[in-house]
Amino acid sequence: MRTDSSPDSPPGTLPAREHLPASAAGKAVLDVVIPVYNEEQDLQPCVRRLHEHLTRTFPYAFRITIADNASTDSTPILAARLAAELPGVGVVRLEQKGRGRALATVWSASQAPVLAYMDVDLSTDLNALLPLVAPLISGHSDLAIGSRLARSSRVVRGPRRELISRAYNLILRGSLQARFSDAQCGFKAIRGDVARVLLPLVEDTGWFFDTEMLVLAERAGLRIHEVPVDWVDDPDSTVHIVRTATDDLLGVWRIGRALATGSLPLDLLARPFGDDPRDRELTGVPKGLARQLIGFCVVGVLSTLCYLLLYSGFREFCGPQPANGLALLVSAVANTAANRRLTFGVRGRGGAVRHQAQGLVVFAIGLALTSGSLAALDAAGGRPAHSTELAVLVTANLAATVLRFLLFRAWVFPDQRQPYDTDIPEGSR
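This one's a predicted model, so the numbers in the text were calculated from it and none came from an experiment.

Cut-offs used in this document
Residues numbered from 1 in each chain as written. Predicted model: local features only at pLDDT ≥ 70, side-chain atom pairs only at ≥ 80, totals over all residues. Heavy atoms only, no water. Axes fitted to C-alpha atoms, helices over the stretch in contact; angles between N-to-C directions. Helix = DSSP H or I, 4+ residues; strand = E, 2+ residues; numbered from the N terminus. Parallel < 35°, antiparallel > 145°, perpendicular 65-115°, else oblique. Contact = heavy atoms within 4.5 Å. Nonpolar A, V, L, I, M, F, W, Y, C, P; charged D, E, K, R; others polar. Salt bridge = Lys/Arg side-chain N within 4 Å of Asp/Glu carboxyl O. Buried < 20%, exposed > 50% of the residue type's maximum accessible area, 1.4 Å probe, protein only. Patch = residues over 30% accessible without salt bridge, like charges linked within 9 Å, V, L, I, M, F, W, Y side chains within 5 Å. Areas by Shrake-Rupley, 256 points an atom, 1.4 Å probe, with all protein chains shown as cover. UniProt positions renumbered as here; feature names shortened; annotations may be inferred. Phe/Tyr/Trp six-rings, centres within 6.5 Å; stacked < 30°, edge-to-face > 60°. Lys NZ or Arg CZ within 6 Å of the ring centre and 35° of its normal. Left-handed = near helix turned anticlockwise from the far one by under 90°. Pairing = 2+ DSSP bridges.

The contact between helix H3 (residues 99–109) and helix H7 (residues 209–219) brings their axes to 8 Å, and the two run at 55°. Between H3 and H7, the angle falls in the class oblique. Two secondary-structure elements touch here, H3 through Arg 99, Gly 100, Leu 103, Ala 104 and Trp 107 and H7 through Phe 209, Asp 210 and Met 213. Looking at the contact of H3 with H7, its residues break down into five nonpolar, one polar and two charged.

Now the structure itself:
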């Protein structure tokens with residue numbers, strides 16, 4: 001992977017995060033989008049309050065963009081009036097509804113290096129806005145979200161919405177292994193360079209847009225900063241809870257399936273070599289052969305436990321040889337994938353099929369060793385106890401493990417320093 005962001009960098013890959021310099025006069029660093037649909041009651045007080053707050057507290061130039069989602073009331077007229085009256089306020093009119101569509105449209109066209117959005121009801125205390133965008137300006141994080149579920153958040157809302165919110169986040173954690181705490185809070189920000197690469201991968205145009213964006217960013221290894229917020233529920237909210245929940249669950253299924261099949265090009269969101277501390281040379285940290293041995297041993301122990309459990313399960317309905325073959329096959333695929341990422345540091349999908357094919361060859365050698373051990377045990381006569389079978393298999397697997405490591409290091413993953421290492425010019429290494 002390249003260490004610069006020159007025009008020769010691979011298309012779509014992200015440059016290293018850097019602190020945004022103080023902007024030239026008149027150039028907005030922050031663009032806050034307010035998506036609205038028929039919000040003639042709340043629009044003016046929201047924009048005026050936000051504009052006053054930013055003027056008073058924000059140290060950089062800013063812009064406020066009203067994204068009108070095909071409103072049919074007087075919202076467009078009021079938005080145009082605000083844009084004409086308040087400096088730094090603009091309006092974008094969309095002829096189709098959808099909060100995700102509005103955000104993607106405005107964010108994709110904005111030249112501001114930091115992009116944010118908030119709901120028009122201003123349920124979130126504006127004092128959290130600067131802490132939200134500061135990590136993006138400093139180069140510390142890629143995205144930032146307000147969290148109503150953090151320990152230090154102060155939230156006023158009814159039990160129904162509280163239950164729905166927490167249940168939804170439990171679903172995300174259980175099904176998509178999401179680690180962020182609050183996907184639905186209407187208070188988020190993203191760096192512009194990240195948005196230009198990430199947004200084309202987000203398909204949803206409605207309320208699931210936020211969740212899909214966060215899941216893809218997290219899976220790609222981008223850093224998501226969470227800010228505890230003070231939040232007061234809007235009792236007049238027009239969100240249709242049942243329809244939104246249904247759409248969200250369908251979105252979870254779609255994203256889960258895409259992640260399982262590897263159809264998302266998340267490698268486009270990789271940061272360059274050196275941006276991740278795992279890419280750096282650190283004193284006192286195992287590296288080279290020692291580091292690989294540690295990683296391989298950890299993966300090996302887990303794989304052996306998985307193999308023994310699978311063997312015991314398969315042994316209930318088939319003989320020792322078929323049970324051994326099936327257990328080895330399943331555990332070998334998982335073992336190759338884990339060693340590829342954790343032991344030898346290969347990231348992205350490039351070469352994954354070839355690595356699995358080579359891993360199956362290594363698996364065949366392990367199968368020969370363990371099958372031969374079982375055959376020798378059977379030839380010794382009698383009906384050996386299940387514990388004896390397991391002891392023989394553990395011994396054979398230890399021998400196969402040593403051979404597997406040597407083959408992995410010398411043949412399957414030779415000289416794997418870092419992903420995309422072949423793209424590093426000689427003078428940059």
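This is not the end of the story, as more comes after the structure.
Right, let's talk about the pattern of salt bridges for a bit. Across all of its chains, the model carries 13 salt bridges by this definition. A salt bridge links Arg 148 to Asp 182; the shortest N-O distance between them is 2.8 Å. Within this pair, whereas Arg 148 is found in the loop between strand E5 (143–147) and strand E6 (154–156), its partner Asp 182 is found in the loop between helix H5 (159–176) and strand E7 (187–191), the two being separated by 34 residues in sequence. The pair formed by Arg 148 and Asp 182 is uniform in burial state, with each residue classed as buried. Among the ionic pairs, Arg 254 bridges to Glu 212, the shortest N-O distance being 2.8 Å. Of this pair, Arg 254 sits in helix H8 (residues 241–261) while Glu 212 sits in helix H7, and the two are 42 residues apart along the sequence. A single network of salt bridges, built from pairs that share partners, joins Arg 99, Asp 119, Lys 188 and Asp 210.

Together, Ile 294, Val 298, Val 301, Leu 302 and Leu 305 give the surface a local cluster of nonpolar side chains, amounting to about 470 Å² of exposed area. Its location among the elements puts Leu 302 in helix H9 (residues 288–314). By relative accessible area, Leu 302 is classed as exposed at 56%.

Listed under "transmembrane region" (unreviewed entry) in the UniProt record, and renumbered for this structure, are residues 293–314, 359–377 and 389–407. Helix makes up 100% of residues 293–314 and strand 0%, with an end-to-end C-alpha separation of 30 Å. Within residues 359–377, the helical portion is 100% and the strand portion 0%, while the C-alpha atoms at the span's ends are 27 Å from each other.

What follows covers the environment of Ala 217. Turning to its location among the elements, Ala 217 is positioned in helix H7. Since its relative accessible area comes to 0%, Ala 217 is described here as buried. It is 7.4 Å that separates the C-alpha atoms of Ala 217 and Leu 198, two residues lying 19 residues apart in sequence. Ignoring any residue separated from it by four or fewer positions in sequence, one finds Ala 217 in contact with Leu 143, Leu 198, Leu 222 and Ile 224.

Okay, the packing of aromatic side chains next. One pass over the full model with this rule turns up eight aromatic pairs. Ring geometry for Phe 296 and Phe 408: centres 6.3 Å apart, planes at 85°, overall edge-to-face. Taken together, the residues Phe 296 in helix H9 and Phe 408 in helix H12 (residues 386–412) connect sequence positions 112 residues apart. The class for Phe 408 is buried, based on a relative accessible area of 1%. Taken together, the ring pairs connect Phe 296, Phe 405, Phe 408 and Phe 413 into an aromatic cluster. The positively charged end of Lys 97 is found above the aromatic ring belonging to Tyr 37, 4.1 Å away from the centroid. Positioned over the ring face of Trp 231 is Arg 148, at 4.8 Å from the centre of the ring.

Attention now goes to the packing of helix H11 (residues 352–379) against H12. Relative to each other, H11 and H12 sit at 150°, their axes nearing to 9 Å. In terms of orientation, H11 lies roughly antiparallel with respect to H12. Read as a crossing pair, H11 and H12 show a hand that is right-handed. Of the residues assigned to the contact of H11 with H12, the class counts are 16 nonpolar, eight polar and three charged.

The subject of this paragraph is the sheet that holds strand E1 (residues 30–36). Across the sheet, which stays open at both edges, the seven strands sit in the order E3-E2-E1-E4-E7-E5-E8 with mixed pairing between neighbours. In this open sheet, the two strands that pair with only one neighbour each are strand E3 (89–94) and strand E8 (224–228). Sheet twist, expressed as the average angle between the axes of neighbouring strands with direction ignored, equals 20°. Inspection of the sheet shows strand E2 (residues 62–69) paired to E3 by six bridges, in the parallel sense. Looking across to E3, one finds that Thr 65 is bridged to Gly 90. Against the sheet, helix H4 (residues 129–138) touches E1, strand E4 (114–118), E5, E7 and E8, its axis set at about 15° to E7.

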